[in-house]
Every structure is written in C-alpha cells, then in structure tokens.
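Chain and residue survey
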Amino acid sequence: MSVQELHGITLEAILTRLVDHYGWEQLGKRIDINCFLSDPSIKSSLKFLRKTPWARAKVEELYLQTQFTP
C-alpha cells in the first residue's frame, strides 16, 4: 500500500482502525505521542494530528504497514 492509496480515507477512519487493531496502549508504544498515552480519545487525537504534520505522517505510515485481519 502507498500513500496514494490513502486517498479517500479520512484521518478519523485511519485512527479508528488503528485503535481497534492495537488499542491505545500499543498505539502509544508504537508512536510516542502524548495524545495516545495520556487520557486518549479519538477527538483529542484528531485535533492534535490535524495540526501536526509529522505526527499525522507517522500515523499514516503505521496504517500502511499494518496487516489488518478481516
């Protein structure tokens, strides 16, 4: 999968899928971002990720590398 394949997938959908797959604790271990470690929520994480391009890039990269099970 490439970054182009993310076209049409919202950041919220990406984050929700990652949280469902890994859980907040594992997600925070994989990507060391405070919004994943301290009182995490989809809403607060989206707010941070939309303002922080480097963090969003890490989330998108993890999404692309993750082998999701159906």
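Scroll up to find the structure this text is about.
The structure contained in this document is the topic of the report that follows.

Calculation rules
- Residues numbered from 1 in each chain as written.
- Predicted model: local features only at pLDDT ≥ 70, side-chain atom pairs only at ≥ 80, totals over all residues.
- Heavy atoms only, no water.
- Phe/Tyr/Trp six-rings, centres within 6.5 Å; stacked < 30°, edge-to-face > 60°.
- Helix = DSSP H or I, 4+ residues; strand = E, 2+ residues; numbered from the N terminus.
- Buried < 20%, exposed > 50% of the residue type's maximum accessible area, 1.4 Å probe, protein only.
- Core = buried A, V, L, I, M, F, W, Y, C linked by side-chain atoms within 4.5 Å.
- Contact = heavy atoms within 4.5 Å.

**Topic: the packing of aromatic side chains**
Here the structure, examined in full by the defined rule, presents 3 aromatic pairs. Ring geometry for Trp24 versus Phe36: centroids 5.8 Å apart, planes at 45°, classification tilted. You can see Trp24 sitting in helix H1 (residues 11–30) and its partner Phe36 sitting in helix H2 (residues 34–37), a full 12 residues away along the chain. For the pair shown, Trp24 and Phe36 are each scored as buried.

**Description of the nonpolar core**
Counting 20 residues, the largest nonpolar core has Leu18, Leu27, Phe36 and Leu49 as its most contacted members. Where this core is concerned, the elements lending two or more residues are H1, H2, helix H3 (42–51) and helix H4 (53–65). No other element matches H1, which puts 8 residues into this core. Other than its neighbours up to four places away in sequence, Leu18 contacts Gly23, Leu27, Val59, Leu62, Tyr63, Thr66 and Phe68.

Any link to function would need more than the numbers given here.
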